[in-house]
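Survey of secondary and tertiary structure
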Amino acid sequence: MNTLSLWRGTAAPTGYAMLSGDVTCDVLIVGGGITGVTLADLLAEQKTANPPKVVLLEADAIGTGTTGNSTGNLYETLSSGLREIHAKWGAEVARQVADERRTAVNFIEERCRLLPDVGFRRCDLVEWADRAHNDAIRKEIEALTAAGCAVDRGTTIPAPLPPAEGDVLVLRNQAQFQPQAYVVALAARAAQAGASIHEHSRVLEIDHKARRAVTAAGSVTAREIVMATHTPKGVHLVHTEMPVHREYAIAFEWAPDGPPGPGTFWWKAAEHLSIRTLQAGGRHYLVCAGQEHKVGIHNATAGMIALENLARKYFGDRPVTHRWSAQNYRGADALPYIGRNHSDCFIATGFATDGLTWGTVAARLIAAELLGHKSAFADLVKPGRLSPVKGGKNILQENALVVTQLVKDYLTQRQNEKLSELKAGDSAIVDAEGETVAAYRAPDGELFAVSPVCTHVGCKVHWNSVETSWDCPCHGSRFRPDGTVIEGPALAPLKRKHTPDLAGGGSAPA
Ligand code: FES
């Protein structure tokens, strides 16, 4: 299945050179999504006598990780509701969160004035529910009001969106943009100001003591290392605190003046749906996102089909032009983890599905600390805070899952099948010559066989049929069929397996 997002499919390409050779710098940023690129831009624009020398390493191309697979919505609240922060941390922290996120959206608006058009627009965020979930909307209106947000009660929802069966929440003056176009343009600005950006430069090893990151063709030694990788690479305490999910999105062409018009529309029901419109390349689209599932456990194809069926129910039977998916990591106590952690590197993670705004908050907080002006909000989100009272239940649940996956041999598929009998497009975990092998046969007949043991801390990977990848349920590492890392905390690829079936022939059975 083609999973190129609407944003990535309609933004300009980039072409930064791969890192080659050994370099030194003041700040190494690992990751070229919104967090890393914003930080690079903030540091590179410093007009001091000795501006920091910045190197940014991106494993693939700028924005192609999570930023280019997001929804493009910017807002001061949270997708799980500001009411969750209010309930766990109190009204004052909820107000600080909304203030910090509002400032980040304003910052993005200011940057957009310096960039070519990236589709930034101010709009309202509208949230409503079916009857069974209306209580959440009512509580959210109370929490937003207490936090000083500009929230109103609406009355109706334009057809053909799902009807409101209770309160309609309207949060004023939020925003949207084309996230991929934004990071591509911001990276160009940072590079022009002096940041060294390298694409296709995956970090394979980090020596925290020596402050050195190694890629296939070079290395970077830095005074400070910032892991802007969505979840930090390697083994970190925060991995034990964050459930990992994937959420699906689709787009289809839509009438230019069709409802619902500009805005972010969140419908809460047994099935959650996030809806927005977009104009790109002279075409108009409706984007629908929803159907979140736990990485490496759920049937990904079923999740995508469920989203398409839900969209079809309300918007008719239209050809889907784009399908994509993005991963998210949730902080156990509903706040992200931003700042220096026990490895003495900076990390920025736990953004849930609110990463465009949190990523910008993170870049601003880390830039401020690196430049010697740490803000009070940084203490609230620092990685070392373990708040068992607020997050204990989630941490226990998450670690119970990891233990289960570590001890359970995840052999749910046809393990007695022979590799040579695997049909084109099929995957299986099989026993081959006494070894357990995660195998996939590509549509052209090529057979890939790798170890199913995740190289992070040893859980068993599970096949993702939508994105043709082996996904780890424990901390969200994902691998291509040939074992190379796509995302997540794992640094090393899945071990390639050389079996007699592979040696004996790669053609698919008829
Ligand atoms: Fe941690 Fe796989 S991501 S064990």
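Reading the values: rules and limits
Residues numbered from 1 in each chain as written. Predicted model: local features only at pLDDT ≥ 70, side-chain atom pairs only at ≥ 80, totals over all residues. Heavy atoms only, no water. Disulfide = S-S within 2.5 Å. Helix = DSSP H or I, 4+ residues; strand = E, 2+ residues; numbered from the N terminus. Buried < 20%, exposed > 50% of the residue type's maximum accessible area, 1.4 Å probe, protein only. Expected span 1.5 Å × (residues − 1). Contact = heavy atoms within 4.5 Å. Axes fitted to C-alpha atoms, helices over the stretch in contact; angles between N-to-C directions. Parallel < 35°, antiparallel > 145°, perpendicular 65-115°, else oblique. Left-handed = near helix turned anticlockwise from the far one by under 90°. Nonpolar A, V, L, I, M, F, W, Y, C, P; charged D, E, K, R; others polar. pLDDT = per-residue confidence, 0-100. Phe/Tyr/Trp six-rings, centres within 6.5 Å; stacked < 30°, edge-to-face > 60°. Lys NZ or Arg CZ within 6 Å of the ring centre and 35° of its normal. Polar contact = N/O pair within 3.5 Å; in protein donor to acceptor, adjacent residues only side chain to side chain. Core = buried A, V, L, I, M, F, W, Y, C linked by side-chain atoms within 4.5 Å. 1 Å grid on protein atoms, 1.4 Å probe; cavity = no way out; pocket = protein on both sides within 12 Å on 5 of 7 lines; lining within 4 Å. Points joined across faces, edges and corners; volume = space filled by probe spheres on them. Pairing = 2+ DSSP bridges.

Moving on, we come to the state of the cysteines. Evaluated as defined, the whole model comprises one disulfide. Here Cys459 is linked by a disulfide to Cys474, with a sulfur-sulfur distance of 2.0 Å. With the S-S dihedral at roughly -90°, the linkage between Cys459 and Cys474 falls on the left-handed side. With Cys459 in the loop between strand S20 (447-450) and strand S21 (462-464) and Cys474 in the loop between strand S22 (469-471) and strand S23 (478-479), this residue pair connects regions lying 15 residues apart in the sequence. With relative accessibility at 1%, the residue Cys459 sits in the buried group.

Once that is clear, we can look at helix H5 (residues 134-146). The end-to-end C-alpha distance of H5, which contains 13 residues, comes to 19 Å, matching closely the 18 Å that a straight helix rising 1.5 Å per residue would cover. Taken together, the buried positions of H5 are Asn134, Ile137, Glu140, Ile141, Ala143 and Leu144. Tucked into the core, H5 has its buried residues touching helix H3 (82-89), strand S4 (121-129), strand S5 (151-154), strand S6 (168-176) and strand S12 (264-268). Of the residues flanking the end of H5, it is Gly148, one or two places downstream, whose phi is positive at about 80°.

Running from N to C, helix H2 (residues 34-44) and helix H6 (residues 179-192) point in directions that differ by 30°, and their axes come no closer than 9 Å. Relative to H6, the element H2 is oriented roughly parallel. The element H2 and its partner H6 pack so that their crossing is left-handed. Here H2 contributes Ile34, Val37, Thr38, Ala40, Asp41 and Ala44 to the contact with H6, which in turn contributes Tyr182, Val183, Leu186, Ala187, Arg189 and Ala190. For the contact of H2 with H6, a count of residues per class yields nine nonpolar, one polar and two charged.

A few words now on the confidence of the model for the chain. As a note on interpretation, predicted positions should not be read in detail where pLDDT is low. Of all residues in the chain, 91% have pLDDT values of 70 or greater, and the mean over the chain is 90. Contacts of residues 409-414 to residues separated by more than four positions or lying in other chains number 21 contacts, the stretch itself having pLDDT below 50. Here residues 503-510 scores under 50 on pLDDT; set against residues more than four positions off or in separate chains, the count is 14 contacts.

This next bit is on the packing of aromatic side chains. The full count for this structure, using the stated rule, is 10 aromatic pairs. A ring pair is formed by Trp358 and Phe377, whose centres lie 6.4 Å apart and whose planes are at 20°; its orientation type is stacked. In this pair, Trp358 sits in helix H8 (residues 355-370) while Phe377 sits in helix H9 (residues 376-380), placing the two residues 19 residues apart along the sequence. With relative accessibility at 1%, the residue Trp358 sits in the buried group. With relative accessibility at 4%, the residue Phe377 sits in the buried group. Site record: aromatic cluster; members linked through ring pairs are Phe252, Trp254 and Phe315. The aromatic ring of Trp358 is capped on one face by Arg101, whose charged end is 4.9 Å from the ring centroid.

Position of Arg441 among the secondary structure elements: in strand S19 (residues 435-441). Counting along the chain gives 379 residues from Arg441 to Ile62, while the straight-line C-alpha distance between them is 29 Å. A polar contact of 2.5 Å, which involves the side chain of Arg441, links it to the backbone oxygen of Leu422.

This brings us to the nonpolar core. The biggest cluster of nonpolar side chains holds 71 residues, and the ones touching the most others in it are Leu82, Ile85 and Tyr182. The element that contributes the greatest number of residues to this core is helix H4 (residues 91-114), accounting for nine residues. With near-sequence residues (within four places) excluded, Tyr182 lies in contact with Ile34, Phe107, Ile108, Arg111, Cys112, Leu115, Val118 and Phe177. In this structure, Phe265, Ala269, Ala300 and Phe315 belong to the second largest nonpolar core, which totals 25 residues.

Of the volumes computed, that of the second largest pocket is approximately 400 Å³. In terms of lining, the second largest pocket is formed by 23 residues, of which the most central are Arg121, Thr277, Leu278, Gln279 and Ala280. Elements that contribute at least two residues to the lining of the second largest pocket include exactly strand S13 (273-280) and strand S14 (283-294). Among the elements that take part in the lining of the second largest pocket, S13 stands out by supplying five residues, more than any other. Taken together, the residues of the lining of the second largest pocket break down into 10 nonpolar, nine polar and four charged.

For the rest of this paragraph, the subject is the pairing of S12. On a regular strand, one side chain projects to one face of the sheet and the next to the other, so that they alternate. Among the five residues that make up S12, five are buried, leaving the element largely enclosed by the rest of the structure. Residues Thr264, Trp266 and Lys268 point to one face of S12 and Phe265 and Trp267 to the other, with burial holding for every one of them. Sheet topology places S4 next to S12; five bridges connect them, and they run parallel. Pairing of Glu127 across the sheet is with Trp266, part of S12. In this structure, S12 lies alongside S13, joined through three bridges in antiparallel fashion. If you follow Trp267 over to S13, its bridge partner there is Leu273.

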